[in-house]
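Coordinate inspection notes
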Amino acid sequence: MNVKIIASGAVVLGLVLAGYAYRDPIAGLFKGKDQAQTAKAGAGNGGERKGRKGRRSGGGTVTVSIAPVETRAAPLQLHAIGSVQALATVAIKARVDGQLIESFFAEGDRVKKGQKLFRIDPRPFNVSLRQAQANLDRDHAQFEKTKTELARYAELVGMGYASRQKYEEVKASNAAAGAVLAADQAAVDQAKLQLEYTTIVAPIDGRSGNLLISVGNLVKANDANPLVTLTQLRPVYVSFSVPEQHLRTLRDLMTARQVAVEAQLAGENATVHKGTLSFINNMVDVGTGTIQLKATFPNDDESLTPGAFVNVSLTLKDRPNATVIPSSAVQVGQKGHFVYVATDKNTAELRPITIADTYVNYTVVTAGLKTGEKIVTDGQLNLVPGARIRARGAAGDKSAASAEGEPPKKKKRKKRKEEGNGS
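Residues numbered from 1 in each chain as written. Predicted model: local features only at pLDDT ≥ 70, side-chain atom pairs only at ≥ 80, totals over all residues. Heavy atoms only, no water.

Digging into the overall build of the protein chain
Within the protein chain, the regular secondary structure consists of six helices and 24 strands. Per-residue burial for the protein chain yields a buried fraction of 30% across its 423 residues. Here the analysis covers contacts within the protein chain between residues at least 6 apart in sequence; of these, 74% occur between residues at least 24 apart. Working note: accessible area of the protein chain is about 28,100 Å², and carbon and sulfur atoms make up 53% of it. (Helix = DSSP H or I, 4+ residues; strand = E, 2+ residues; numbered from the N terminus. Buried < 20%, exposed > 50% of the residue type's maximum accessible area, 1.4 Å probe, protein only. Contact = heavy atoms within 4.5 Å. Areas by Shrake-Rupley, 256 points an atom, 1.4 Å probe, with all protein chains shown as cover.)

The structure is reproduced here in structure tokens:
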């Protein structure tokens with residue numbers, strides 16, 4: 001029993017002594033780990049502060065694109081999307097029933113006014129004309145007979161050899177024969193007209209569309225389906241709408257002079273077509289608050305096709321000496337439009353401006369800038385007021401790029417041969 005107690009005490013004493021013996025190394029181990037973590041965190045915070053400092057400084061000089069403020073012609077214009085409309089579109093239909101026996105054009109041909117298009121079988125109408133002409137000749141002979149009798153009875157009544165009643169009867173017969181003769185003449189004219197309708201001619205100058213009925217088919221007068229459709233392409237209308245606040249100005253301009261209108265089809269190299277304003281609608285669209293306008297274009301090359309959409313520009317006023325800047329330079333802030341001006345000290349100055357409108361790729365400025373000043377057109381997102389700038393393409397651009405954060409290229413050092421290495 002005593003031996004067991006003594007052995008247990010010895011084990012406990014040995015554990016206590018071992019704990020004291022290894023206390024400092026273990027503590028040092030954990031202490032070293034904590035110091036390493038602290039040092040690493042400190043280094044990270046220092047690097048972050050350093051990085052933030054570098055971002056605040058903007059890397060030194062910012063490379064930007066610069067353009068001058070110019071004075072040039074920039075007319076005041078209205079811009080809209082318009083659609084091309086034909087000046088006239090005619091659906092060609094038959095005016096008599098019959099068989100279509102001949103066509104004088106091909107699909108898509110340009111035709112002239114009065115040109116033959118179709119021919120319907122004329123033989124039935126020739127027969128009708130001869131019949132009407134025969135009736136006219138018969139009734140004309142009857143009319144001449146009653147006319148002779150009327151002249152004879154007029155003499156007999158004057159001499160007292162015929163009664164007045166008989167004279168009136170002959171006179172009435174003559175009038176009736178004249179009326180029949182007039183009706184026969186109308187029938188002849190109608191038959192001639194029907195015969196004329198068998199040849200269909202173009203009522204306008206234009207270009208033909210699809211041939212909807214082929215030769216050999218029977219056609220009906222004023223059928224729902226036309227034979228072909230003609231579209232007048234010279235000139236054409238371009239219809240578009242502008243805000244109603246410009247209505248009075250446009251009316252005054254139309255009264256004073258011709259208002260120039262330009263139209264351009266979609267595409268980078270599309271031709272600019274020039275026309276004149278020819279129509280202002282008599283009411284404003286209450287749903288959109290716009291007024292419909294039409295401009296007339298000569299369209300000599302027929303490049304404006306009815307139904308196509310075009311970009312329309314209408315010139316309200318000429319401005320030969322407008323102050324303009326590239327539209328890419330204009331920025332929008334909480335207080336309105338502004339630009340960065342490149343000062344003589346190669347710094348960026350934030351300048352509020354007042355703009356009027358745009359013309360092509362330029363913006364017309366009415367206040368805030370003077371001709372000859374230089375403005376930043378690219379790189380504004382990297383700028384703050386007072387930042388140092390360098391024009392792109394200027395001398396020292398490569399050093400500026402290095403200042404903006406690009407790592408400098410390391411020079412390759414030649415290895416020196418050690419003397420006396422036995423080589």
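Structure shown, so let's carry the discussion forward.
As for the pairing of strand S17 (residues 322-326)
Of all five residues in S17, five are buried; the element is thus mostly enclosed. Every second residue of S17 is oriented toward a common face, with Ala 322, Val 324 and Pro 326 on one face and Thr 323 and Ile 325 on the other, all of them buried. Judged from the three bridges that link them, S17 and strand S22 (residues 362-367) form a sheet pairing that is antiparallel. Pairing of Ile 325 across the sheet is with Thr 363, part of S22. (Pairing = 2+ DSSP bridges.)

Description of the sheet that holds strand S13 (residues 260-265)
Judged by pairing direction, the barrel is antiparallel, and its six strands sit side by side in the order S3-S12-S15-S14-S13-S16 before closing back on the first. Each adjacent strand pair in this sheet contributes to an overall mean axis angle of 40 degrees, direction not counted. Sheet topology note: the S13/strand S14 (residues 272-285) ladder contains five bridges and is antiparallel. Across the sheet, residue Glu 262 finds its bridge partner in S14, namely Lys 274. Each of strand S12 (236-243), S14, strand S15 (290-297) and strand S16 (309-317) touches helix H5 (residues 247-256); the most contacted strand, S14, lies at about 125 degrees to it. (Axes fitted to C-alpha atoms, helices over the stretch in contact; angles between N-to-C directions.)

Some details on the packing of aromatic side chains
Counted under the stated rule, the structure contains two aromatic pairs. Between Phe 105 and Phe 118, the aromatic rings sit 5.3 Å apart at their centres with planes inclined by 80 degrees, giving edge-to-face as the arrangement. Here Phe 105 is found in the loop between strand S5 (98-103) and strand S6 (110-111), whereas its partner Phe 118 is found in strand S7 (residues 116-120), with 13 residues between them in sequence. Taking relative accessible area as the criterion, Phe 105 reaches 11% and is therefore assigned buried. The ring of Phe 104 has Lys 116 sitting right over it, with the charged end atom 5.8 Å from the ring centre. Taking NZ or CZ as reference, Lys 294 lies 5.7 Å from the ring centre of Phe 279, over its face. (Phe/Tyr/Trp six-rings, centres within 6.5 Å; stacked < 30°, edge-to-face > 60°. Lys NZ or Arg CZ within 6 Å of the ring centre and 35° of its normal.)

Things to note about the pattern of salt bridges
Using the criterion set out here, one finds 13 salt bridges in the structure. With its nearest N and O atoms 3.9 Å apart, the salt bridge here joins Glu 102 to Arg 119. Pair noted here: Glu 102 is in strand S5 and Arg 119 is in strand S7, with a separation of 17 residues, a long-range link. Here Glu 102 falls in the partly exposed class, since its relative accessible area comes to 31%. (Salt bridge = Lys/Arg side-chain N within 4 Å of Asp/Glu carboxyl O.)

A closer look at the sheet that holds strand S9 (residues 206-208)
Working definition: the strands of a sheet are paired by backbone hydrogen bonds and lie parallel or antiparallel to each other. Across the sheet, four strands lie side by side as S4-S11-S9-S6; this open sheet has antiparallel pairing. Two strands lie at the open edges of the sheet, namely strand S4 (89-92) and S6, each paired on one side alone. When S4 meets strand S11 (residues 228-231), the two strands line up antiparallel, connected through four bridges. The residue of S11 that forms the bridge with Thr 89 is Thr 231.

A few points about the side chain of Ser 208
Relative to the assigned elements, Ser 208 resides in strand S9. One polar contact links the side chain of Ser 208 to the main-chain amide nitrogen of Gly 108, over a distance of 3.0 Å. (Polar contact = N/O pair within 3.5 Å; in protein donor to acceptor, adjacent residues only side chain to side chain.)

Looking at the nonpolar core
Generally speaking, soluble globular proteins have nonpolar side chains that are buried together. By size, the foremost hydrophobic cluster in this structure holds 24 residues, and its most contacted members are Phe 240, Leu 250, Val 261, Leu 277, Leu 293, Phe 297 and Leu 314. In this structure, Leu 314 is in contact with Leu 76, Gln 77, Leu 78, Phe 240, Leu 250, Val 259, Ala 260, Val 261, Leu 277 and Leu 293, ignoring residues within four places of it in sequence. Ranked by size, the runner-up nonpolar core spans 19 residues in total, among them Ala 94, Phe 105, Ile 120 and Ile 204. (Core = buried A, V, L, I, M, F, W, Y, C linked by side-chain atoms within 4.5 Å.)

Considerations on the confidence of the model for the protein chain
Interpretation of this model should avoid reading the predicted coordinates in detail wherever pLDDT is low. For the protein chain, the mean per-residue pLDDT works out to 82, and 78% of the residues sit at or above 70. Here residues 24-58 is modelled with pLDDT under 50, and outside its nearest four sequence neighbours on either side it reaches one contact, counting other chains as well. Across residues 395-423, confidence stays below pLDDT 50; counting only partners more than four residues off in sequence or on other chains, it has 16 contacts. (pLDDT = per-residue confidence, 0-100.)

Structural notes on H5
Listed in full, the buried residues belonging to H5 are Leu 247, Leu 250 and Leu 253. Considered in projection along H5, the buried side chains sweep an arc of 130 degrees and stay on one side of the axis. Residues Arg 248, Thr 255 and Ala 256 are exposed on H5 and point more than 90 degrees away from its buried face. If you follow the buried residues of H5, they end up packed against S12, S14, S15 and S16. (Arc of directions from axis to C-beta.)

Let's talk about unusual backbone geometry
Residue Pro 235 follows Arg 234 across a cis peptide bond; omega there is -5 degrees. The backbone of Asn 346 shows a phi angle near 60 degrees, a positive value even though the residue is not glycine. Within the secondary structure, Asn 346 sits in the loop between strand S19 (336-342) and strand S20 (348-352).

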